Amino acid sequence: MRKLFGNPKQIVTVNTNGKNVKRGSDANEIGILKNHSIISNDGKIEAIVPNDKIDKTEFDEIIDLSGKTVLPGLIDSHTHLVFSGSRADEFRRRLRGVSYEEIAREGGGILRTVTAVRNSSFEELVEIAKPKVEEFIKQGVTSLEIKSGYGLSFYDEVKLLQVINKLDEIFPIDIFPTFLGAHTFPPEYHSDNESYVELILNEMLPYIAEKKLAKFTDAFCESTAFSAKQTERILTKAKKLGFSLKLHTEQFNRIGGLDIALELGATSVDHLEVLENSQIQTLAESETVATLLPGVSFFLDYGYAPARNLIDGGAIVALATDYNPGSSHILNLHLIMSFAALKMKMTMEEIVSAVTINAAKALEIENETGSLEVGKSCDLAVFDADEFSEIIYSVGQNLTFMTVKNGEIIYRKN
Ligand code: NIG
Ligand code: FE
């Protein structure tokens, strides 16, 4: 099946010349083409050709994109999308000055959602999650990561991962499950944290590996959650079992998480709101992606990760929503892109690189998607815009016109 995505006003290829990553200042080169069209053949990009070289009789289908802007399909590489219940009441308390960490220490926060998730069936969780995945598809998202971490028992963590795998089956986009059993300590282990670590090490991780329920293992390395030592044990075991690694780290406190993640060759380190300048060089020189989550800084009203220093230092920077009920109840990747511009002083080009090729690298799919290069999947996000900066400038608006996954139109604005 040969298709022509014809005559858009602008194609943002994010061309990497085969490098499949945008490190440091390279992130400003996003390969913009005008007067070109995209040819897809059996779901892959066959060529991107000048409009005057096209013979329209050669195609099974022609999709006219006149006046539109085309980007690689967007990628959200960090979400906690599967959960039940609401924490609007905690939000209300935070507005009156109670902090996120205080609420967590009182047994609210993540544990509130854990109670709700434990009381929800597999089927209920799938139904709650579906419209949220649809919402991302309507934003041009073609690859999506989702973490467990609101079950915190063998049964409920496996249930969450099964829900995430089910969503991958239901939807045409690619959904990547991450095991986050080490999100926080469940109430039944409060006076015996060590036994919960043992449960993760000896029962959860081996079972999840054997059943291939997750691609990544993640943990929350923080003074209110897992210590550096506990994080190290969990990630080391996960690596041995064949998982790729991610880590929530340097969010509120620096307790050693970053060094452990770099030592173990983690695929990404996420958050980094309290990263210090002295920590930037080692991260910037590594292959580990720095995934920044400005929605959390906005939603919790605290500092932003040092995006400028990371990029200027040569790091691989990705952006993600961290969509979750407590610290970033923001189901909108475009809004995150606008925050990155306004609050972290990233350039429009760096932002595009951060939600395409670098986010692909954070999911280890950079050889298949994340840029419009010959041989890659024809994953497209098409916008009602003359040029790409309109997307970031139109804060809170959704300009998506069409979403294409593997050459198939999976969403079109009516
Ligand atoms: O990425 N940092 C830890 N976990 C989530 C928040 C989860 C929640 O509050 O429910 C985060 O910010
Ligand atoms: Fe998170």
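Below you will find a few notes about this structure. Fair warning: this is a prediction, and the values are worked out from it, not measured in the lab.

Conventions adopted
- Residues numbered from 1 in each chain as written.
- Chains lettered and ligands numbered in written order.
- Predicted model: local features only at pLDDT ≥ 70, side-chain atom pairs only at ≥ 80, totals over all residues.
- Heavy atoms only, no water.
- Helix = DSSP H or I, 4+ residues; strand = E, 2+ residues; numbered from the N terminus.
- Buried < 20%, exposed > 50% of the residue type's maximum accessible area, 1.4 Å probe, protein only.
- Contact = heavy atoms within 4.5 Å.
- Lys, Arg positive; Asp, Glu negative; His and termini not counted.
- Charge placed at Lys NZ, Arg CZ, Asp CG, Glu CD.
- Donors = N, O, S within 2.8 Å, 3.2 Å for Na, K, Ca; no water.
- Near = heavy atom within 4 Å.
- Polar contact = N/O pair within 3.5 Å; in protein donor to acceptor, adjacent residues only side chain to side chain.
- Areas by Shrake-Rupley, 256 points an atom, 1.4 Å probe, with all protein chains shown as cover.
- 1 Å grid on protein atoms, 1.4 Å probe; cavity = no way out; pocket = protein on both sides within 12 Å on 5 of 7 lines; lining within 4 Å.
- Sits in = over half its atoms within 2 Å of the grid points.
- Axes fitted to C-alpha atoms, helices over the stretch in contact; angles between N-to-C directions.
- Parallel < 35°, antiparallel > 145°, perpendicular 65-115°, else oblique.
- Left-handed = near helix turned anticlockwise from the far one by under 90°.
- Nonpolar A, V, L, I, M, F, W, Y, C, P; charged D, E, K, R; others polar.
- Points joined across faces, edges and corners; volume = space filled by probe spheres on them.
- Domains from an automatic or database assignment.
- Pairing = 2+ DSSP bridges.
- Phe/Tyr/Trp six-rings, centres within 6.5 Å; stacked < 30°, edge-to-face > 60°.
- Lys NZ or Arg CZ within 6 Å of the ring centre and 35° of its normal.

**Here we look at the overall build of the protein**
Scanning the protein from N- to C-terminus turns up 15 helices and 18 strands. Along the longest, intermediate and shortest principal axes, the C-alpha atoms of the protein span 70 × 45 × 45 Å. For the protein, buried positions account for 61% of its 414 residues. Sequence separation of at least 24 residues holds for 73% of the intrachain contacts in the protein that already meet a minimum separation of 6. Charged side chains in the protein number 43 positive and 59 negative. The centres of these two groups are separated by 2 Å.

**So, unusual backbone geometry**
The residue Asp-42 is not glycine, and still its phi comes out positive at about 50 degrees. Relative to the assigned elements, Asp-42 resides in the loop between strand S4 (36–41) and strand S5 (44–50). Phi at His-271 takes a positive value of approximately 95 degrees, unusual for a residue other than glycine. Structurally, the position occupied by His-271 is in strand S13 (residues 268–271).

**Focus on the coordination of the iron ion (ligand 2)**
Only His-78 (NE2), His-80 (NE2), His-248 (NE2) and Asp-322 (OD) from the protein coordinate the iron ion (ligand 2), and they sit 2.1 to 2.3 Å from it. Donor residues for the iron ion (ligand 2) sit on one chain with the sequence pattern H-x1-H-x167-H-x73-D. Here His-80, found in the loop between strand S8 (74–76) and helix H1 (88–95), pairs with His-248, found in strand S12 (residues 244–249); they are 168 residues apart in sequence, far enough to count as distant. By relative accessible area, His-80 is classed as buried at 3%. When its relative accessible area of 3% is taken as the criterion, His-248 is described as buried.

**Side note on the site of ligand 1**
Taken together, 15 residues surround ligand 1, and among them Arg-87, Tyr-100, Tyr-150, Asp-322 and Ser-327 come closest. Taking His-248, its side chain carries an N or O atom lying 3.1 Å from an oxygen atom of ligand 1. Protein contacts shield 100% of the accessible area of ligand 1, which totals 330 Å² for the unbound molecule. Taken atom by atom, the bulk of ligand 1 overlaps the largest cavity.

**A few points about the packing of helix H4 (residues 122–137) against helix H5 (residues 154–170)**
Each pair of packed helices can be summarised by the angle the axes make with each other and by the distance between the axes. Contact pair H4 / H5: the axes reach a minimum separation of 10 Å and the direction vectors enclose 45 degrees. By the angle class used here, H4 and H5 are oblique. In the packing of H4 onto H5, the handedness of the crossing is right-handed. Contacts between H4 and H5 involve Phe-122, Leu-125, Val-126, Ala-129, Lys-130 and Val-133 on the former and, on the latter, Lys-159, Leu-160, Gln-162, Val-163, Lys-166, Leu-167 and Ile-170. Class assignment for the residues of the contact of H4 with H5 results in nine nonpolar, one polar and three charged.

**Comments concerning empty space enclosed by the protein**
One pass over the structure, following the stated rule, counts two cavities of 30 Å³ or more. Its boundaries defined by the atoms lining it, the largest cavity holds a volume of some 100 Å³. Its residues assigned to classes, the lining of the largest cavity shows four nonpolar, seven polar and one charged. Within this model, the second largest cavity holds a volume of roughly 40 Å³. Of the residues assigned to the lining of the second largest cavity, the class counts are six nonpolar, two polar and two charged. When residues are assigned to domains, the lining of the second largest cavity turns out to be shared by domain 1 (2–72 + 370–412) and domain 2 (75–362), each giving three or more.

**Some remarks on the sheet that holds strand S3 (residues 32–33)**
Spatially, six strands are ordered S3-S2-S7-S16-S17-S18 in an open sheet, and the strand pairing comes out mixed. If you trace the sheet from one side to the other, it starts and ends with S3 and strand S18 (408–412), each paired once. As paired elements, strand S2 (residues 10–12) and S3 share two bridges and run antiparallel to each other. When the sheet's bridge partners are listed, Val-12 is paired in S3 with Ile-32.

**Observations regarding the pairing of S4**
Of all the six residues making up S4, five are buried; the element is thus mostly covered by neighbouring parts of the structure. As paired strands, strand S1 (residues 2–6) and S4 are joined by four bridges and run antiparallel to one another. Bridge pairing links Arg-2 to Asn-41 in S4. Pairing geometry for S4 and S5, over six bridges, is antiparallel. In the sheet register, Ser-40 faces S5, and the bridge partner there is Ile-45. Turn length for the S4-S5 hairpin, with the two strands adjacent in sequence and antiparallel, is two residues, and the turn residue Asp-42 shows positive phi of about 50 degrees.

**Some thoughts on the packing of aromatic side chains**
Applying the stated criterion across every chain, the model contains 11 aromatic pairs. Summarising the aromatic geometry, the rings of Phe-83 and Tyr-150 are spaced 6.3 Å apart at their centres and angled 70 degrees between planes, so their arrangement reads as edge-to-face. Here the residue Phe-83 occupies a position in the loop between S8 and H1, and Tyr-150 occupies one in the loop between strand S9 (141–147) and H5, the gap between them amounting to 67 residues. Accessibility assignment for this pair places Phe-83 and Tyr-150 in one class, buried. Judged by centre distance (6.4 Å) and plane angle (45 degrees), the ring pair of Tyr-196 and Phe-226 falls under tilted. Highlighted residues: Tyr-196 in helix H6 (residues 193–210) and Phe-226 in the loop between strand S11 (216–219) and helix H7 (228–240), separated in sequence by 30 residues. An identical accessibility class is assigned to Tyr-196 and Phe-226; each is buried. In this structure an aromatic cluster arises from ring pairing among Phe-185, Tyr-189, Tyr-196 and Phe-226. Over the aromatic face of Phe-216 sits the side chain of Lys-246, whose NZ or CZ is 4.7 Å from the ring centroid.

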